[in-house]
Amino acid sequence: MNPTTLSMLSREPHVITAGTALLGEALDQQAVARTDVDWRPPVPGTAAALAAALADPRRERANALAVGRMVSARPRLAGVRPAREALGLEPGTFLHAGPPISWERASGPMRGALIGAMLFEGLAASPEDAEERLAAGSGITLDSCHHHRTVGPMAGVVSPSMWMLEVADAEHGGTAYCSLNEGLGKVLRYGAYGPEVVERLRWMGDVLGPALQAALALNGPLDLRGLIAQALQMGDELHNRNRAATSLMVRELAPAVVEAAPGHAAEVLRFINGNDHFFLNAGMAAAKVSADAARDVPGSSLVVAMARNGTDFGIQVSGLGDRWFTGPAGVPDGLYLGAYGPGDANPDIGDSTITETTGLGGFAMAAAPAIVRFVGGDVADAVAATTSMYEITLAEHPAYQIPGLGFRGTPVGVDVTLVARTGTLPVVNTGIAGRVAGTGQVGAGLVSPPMEAFTAALAALTDV
Amino acid sequence: MNDLVEVRAGVYRDSVSLMRVSQALAALPGVSVAIVAMATELNVGLARDAGFAVPAATPGDLLVAIRASTDDAVQEAAAELERRLAAREAAGAARHEDRPPRTVRSAARAAARDAAGSGGATVALVSVPGEYAFLEALDAVEAGLSVMIFSDNVPVEQEILLKDRAREQGVLVMGPDCGTAVIGGAGLGFANVLGPGPVGVVAASGTGAQQVTSLLDLAGVGVSHLLGVGGRDLSAEVGGRSAIQALRALDADPATELILLVSKPPAPEAAGAVRDLGLGTKLVTALLGPGQDDLTTAVEKVLGALGREVPAWPCWPAPPGAPGTPGSECRGPLRGLYSGGTLCAEAAVIAGNGEFTDFGDDAYTRGRAHPMIDPTLRLEALDAVESGVVLLDVVLGHGADPDPSARLAPAVARACGRGVAVVVALVGTDGDPQGLRVQAARLNEAGAAVFTSNAAAARHARDLAAACVHS
Amino acid sequence: MGGRTQIGGAASIALRPALESPRRPARVLAAFPLAVYLEVRSEYEPHVIALVSGEAARLPNAVVVAAPLARLPLGDECWVGEGSIGLGGVGIRVRRWWDPAPPLGSAEPSRLTRALAHLDDICDHSQRRPGLDVTGAPGLLASGCLAGSLVDGIVAAERLLGLGPGLTPSGDDMLCGLLVALRHLGLAAGAPRAIWLADWLAAAVTYDARTRTTPISATLLHCAARGQAGSEVLGVLRAIAGYQPLDPAAHRLLSLGHTSGADLAWGIRAGLAAVLSLRSWPAGR
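Thresholds, definitions, all that
- Residue positions are given per chain, counted from 1 along the sequence in the order it is written.
- Each chain takes a letter, starting from A, and each ligand takes a number, starting from 1, following the order in which they are written.
- Residues qualify for local features only when their pLDDT is at least 70, as the model is predicted, and side-chain atom pairs are given and counted only at 80 or more; totals for whole chains, interfaces and linings, by contrast, use all residues.
- Contact between two residues is assigned whenever their backbone-derived C-beta positions fall within 7 Å.
- We count a stretch as a helix when DSSP gives it H or I for four or more residues in a row; a strand needs E for two or more, and each element gets its number in order from the N terminus.
- Only when DSSP finds a minimum of two bridges between them are two strands counted as paired.
- Between the N-to-C directions of two axes lies an angle of 0 to 180 degrees, each axis being a line fitted to C-alpha atoms and, for a helix, fitted only over the stretch in contact.
- Convention used here: angles under 35 degrees read as roughly parallel, angles over 145 as roughly antiparallel, angles from 65 to 115 as roughly perpendicular, and any remaining angle as oblique.
- Throughout, a crossing is termed right-handed when the near helix is turned clockwise from the far one, and left-handed when it is turned anticlockwise from it by less than a right angle.
- When residues are grouped by polarity, Ala, Val, Leu, Ile, Met, Phe, Trp, Tyr, Cys and Pro land in nonpolar, Asp, Glu, Lys and Arg in charged, and all others, Gly among them, in polar.
- Backbone-placed C-beta atoms define the burial measure: a residue is buried with 20 or more other C-beta atoms within 10 Å of its own, exposed with 12 or fewer, and partly exposed in between.
- Domain extents, as shown, originate in an automatic or database domain assignment.
- We call a set of buried Ala, Val, Leu, Ile, Met, Phe, Trp, Tyr and Cys residues a nonpolar core when their C-beta atoms link them within 7 Å.

Caption draft 1: Structural context of the interface of chain B and chain A. In this assembly, 67 residues from chain B lie in contact with 63 residues from chain A. At 8 residues, the largest contribution of residues to the side of chain B that touches chain A is made by helix H5 (residues 130–142) of chain B. Pairing between strand S1 (residues 14–19) of chain A and strand S4 (residues 123–127) of chain B: 5 bridges, direction parallel. Bridging from a neighbouring strand, A:Val15 pairs with B:Val123 of S4(B).

Caption draft 2: Structural context of the sheet that holds strand S9 (residues 199–203) of chain B. Residue and element names in this part refer to chain B. Pairing is mixed across the open sheet formed by 6 strands, whose spatial order is S8-S7-S10-S9-S11-S12. At either end of the open sheet lies a strand with only one pairing partner, and these are strand S8 (186–189) and strand S12 (282–287). With direction set aside, neighbouring strand axes in the sheet form an average angle of 20°. The sheet contact formed by S9 and strand S11 (residues 258–263) spans 5 bridges and is parallel. Note that in S11 the partner of Ala-203 across the bridge is Val-262. Across the sheet, helix H10 (residues 295–305) touches S9, S11 and S12, and the angle it forms with S12 is around 170°.

Caption draft 3: Region of the structure containing the packing of helix H3 (residues 137–146) of chain C against helix H4 (residues 150–160) of chain C. Residue and element names in this part refer to chain C. Where H3 meets H4, the axes come as close as 8 Å, and the angle between the chain directions of the two elements is 155°. Accordingly, the angle class assigned to the pair H3 and H4 is roughly antiparallel. Crossing of H3 over H4 shows left-handed handedness. Here Ala-137, Pro-138, Leu-140, Leu-141, Ser-143, Gly-144 and Cys-145 of H3 lie close against H4, whose contacting residues are Asp-152, Gly-153, Val-155, Ala-156, Ala-157, Arg-159 and Leu-160. Among the residues forming the contact of H3 with H4, the class breakdown is 9 nonpolar, 3 polar and 2 charged.

Caption draft 4: Here's a closer look at the environment of B:Gly144. Residue and element names in this part refer to chain B. Summarising the element assignment, Gly-144 is placed in the loop between H5 and strand S5 (146–149). The partly exposed category is assigned to Gly-144, around which 14 C-beta atoms lie within 10 Å. Sequence spacing of Gly-144 and Glu-157 is 13 residues, and the spatial spacing of their C-alpha atoms is 21 Å. When residues no more than four places from it in sequence are discounted, the contact partners of Gly-144 are Gln-169 and Val-171.

Caption draft 5: Representation of helix H4 (residues 104–114) of chain B in the model. For H4(B), the complete set of buried residues consists of B:Val104, B:Arg105, B:Ser106, B:Ala107, B:Ala108, B:Ala110 and B:Ala111. For H4(B), the elements touching its buried residues are S1 and strand S2 (33–36) of chain A together with S4 and H5 of chain B.

Caption draft 6: Here's a closer look at the domain arrangement of chain A. Segmenting chain A into domains produces domain 1 (7–39), domain 2 (59–70 + 295–463) and domain 3 (74–286). Between domain 1 of chain A and domain 2 of chain A, the C-alpha centre-to-centre distance is 33 Å.

Caption draft 7: Looking closely at the nonpolar core. Formed by 433 residues in total, the largest nonpolar core has its most connected members in B:Leu63, B:Ala124, B:Val147 and B:Leu260. Here this core takes 12 residues from helix H5 (residues 170–189) of chain C, the largest share from any one element.

As structure tokens, then:
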């Protein structure tokens, strides 16, 4: 076709209108097809940075490349190995969720999990001893999981003896890790460190990890992209609801577990079956390896990590390397277990927001109507939550689809410029940890990230 | 303290429903703890930790544990529990929540999805405040859409960037500060109702474009497309980026037999670029300013080039006895009170002297609507004229005041009553929503001389003012 | 404006004479969810006006109404003229004109040859079939046009006029497709003989169309005689001339009505084939 022609001259007009209502109404009077934009000014103070960021000649292509890598990743569960082996962790080194944090600024559940990990590693004789050593800091190294191709739910504490799920990206060749899920109740990731917690971690290292590793060796890698796509169609959103994914995973692995570890098969399968969230950690590693594939594209405004350490909520952006942009972590709005209430809740914590980063969790809420009532909403609210995320994302996932939206792909790839333009923050589904170390989970609900993390990243994009 | 502890075998509800029930019960007066949950090990443990004496139970059972200050409060909570467990979930199928898009980017996707097969949107019309217009316009260009930017106060470097990206994408940026476009008959912004026809218009002036297309319509000649480019496009800085693209597009358009370019005299480099295009279609140029043809003359040249007759442009002389008519006294200078900048400039050049005010200028539109929509300031100015001749423009069409004569005609009548001669340049077509002839008749009855050609109106006003001075 | 409800609309320029003349009475011929047909007591053509909603098929005699058709009071007195259509207390005023016969520009014969093969292929693979056996009168029409024989063409057209069931009989739709294709593609390819043929066939079919077929179909034949067509037909013509992709345009046309789309497509193919074969012929005898 002739390159000098304009297609609008030969087609029936269909006008997108943004701004003055009067001009739109004049088109309606002419029976011109019209799509109206519900336009509102961007977040105050961001106009100049937005103009500069959008003018960056690299942005459009960089974002297409980055989000294209994110959605084309083919994560496969390849193995289960101890962290010391997989990540080269030295004794005294502990990884944790979210952006980097010191013991001094760490919240209750983060401290509780670190104490538990000290006890588990045999680096302290008692919780008090562990606390003293952690506070003194000698021989102790704390670092963000995200700096080590790793994610961890809630406190996300990883120590050398813990066994890790290893997920490889068959498309781009990356690898990511996540710990094994301990189950519900009093567990390390929620900051509990009692004897039963440490005992369970020991059993996971002695029995569960090796059994799964043997089963995977026998079965071959597990296709997580296909499994997640199926689970979405079975009512999971893969963050707060993993029931279908866990079931599918058990179905895939059970025969191999029986063959590879006949002596422990029953207890291993019973453990996985008893925990509807067992898949969460595998899903997080799959999300991490997909998000990492999108890192380091110069000029890209795509968010490649959203994570919380119980004190700060931080994001990383593809075009801005390993820099963190943070704001205070909020307290989730949700429902509480038993007699707990909002006063018992810790601010938002965990790397599980890697699921939202890749278009799952809160972004896929319309796929999981069963969980929307966590926030007192109905199915329409779930649809609205997902629909609103299309406003701030760069793509629709080609494999992860939502039946209730006509099999539309999930909204994937948050663009910091779109967050600032629309004032719409990512919807995050999350568990709620007790604020006192050792309490464990107190509820679950929704949380909003701090806007300043996104506006700070936007400002940085225009500094480069 | 009164406790109610109960285990109901075989009653299943999903945990989230139950957490909601618990929350509702805990909010009742007197209730301190309410646990309604499946009797999993975790939940039974939580209830026992809270001091409830929970009997043996399995995870398939429903656990109820309520503590309240009085027995009545416990009973009240138990009754509420029954109501809630019995209540059927009124959760219908997922209602399709049609949330409007928040950005042009999102709207372009929505249009492509909803109008599958017809190819989605064809053009975007951006009229958000100038400092944000770039963001929305760039969305359109990146989505492969032409865009009309009605907004003003857009920095020139953003204009250049948008136009360069648009050329790469094969789309057109009309504006910023583009008031008028007509694409295949559809009027965007301020535009008149025009029939299809052989003349394509490229315009760097909105009201100038409305004048030429309205006159063509009155001559029975239709317009294929009217592409606005924004008042700054043919400046040295912008270099006619959009005008060049628009001219090329109309040159390639089979419906366009002749192109009319309406602009202030372009910067030399822009003029050179336009000249060097080597268009296959005949080009007539209407340049605005001293020493140039007026717009009406340019339209007459177009009609000549098409082999069409030049009609007598409709006009309605002032009624007998009105100021300015023979035998009626008229004393004082010429005042031009305009809403259209180009029309104002054209009239000022033709009149030679007099005091001309463009109420569409930024100085008068800060914090209020354009005078084509809100006539208040102009009416005040008209009411303040005590003598002489007043020349006004009234622009009809989409987007403009739905009935301008409703407020203007009484003010004209008052002015005539004070002995002021009123001349109106009425820009519009018979098809316009306001009705050209209805508006003309009302203004005429109020005492004004009404012209469809601004140049003719200006000449008439000039002659009246000259006569005033002599008398 | 007299307390009337005013609704805007976008009208085909074909309706300008009817709309801009003094008011004349009209009546509702038929009403469907997406289209309402009005018959105007007038010697002008088109004398039937289709009021359609935005999503309906856009006929060359259509006014697209800027409000749901369900809001129109169809039982009341109707009139057409003075720039408006009146239905009881509702006035539909034209706020936009569109062209049902936009010029196509010129097109290379080699492009048209390729387009014909492509269109044949699309139609042959489609489930949508014309409503008549194409070896009968349609066959004679196609072969007559291909051979430039006005006699065969007129004999066949006479037989096709009003042939078939429904609001727009298949025979009429085929003739419409053929007439529009001969005129527009003949002009685009520089085939004066095709245009000459279109003129004579048009004169023959419009002569007694009002008595030979339904009022709606008669009006559409009058439109086609002047080269005016619906947006789906125009889309296919533009695609044939290379201004837009052919596949989606052809499928949109084929999906029209029960067999209307396939009938129109058959007419376009016959017309395009004739244009290619008559390209080197001089205009008249």
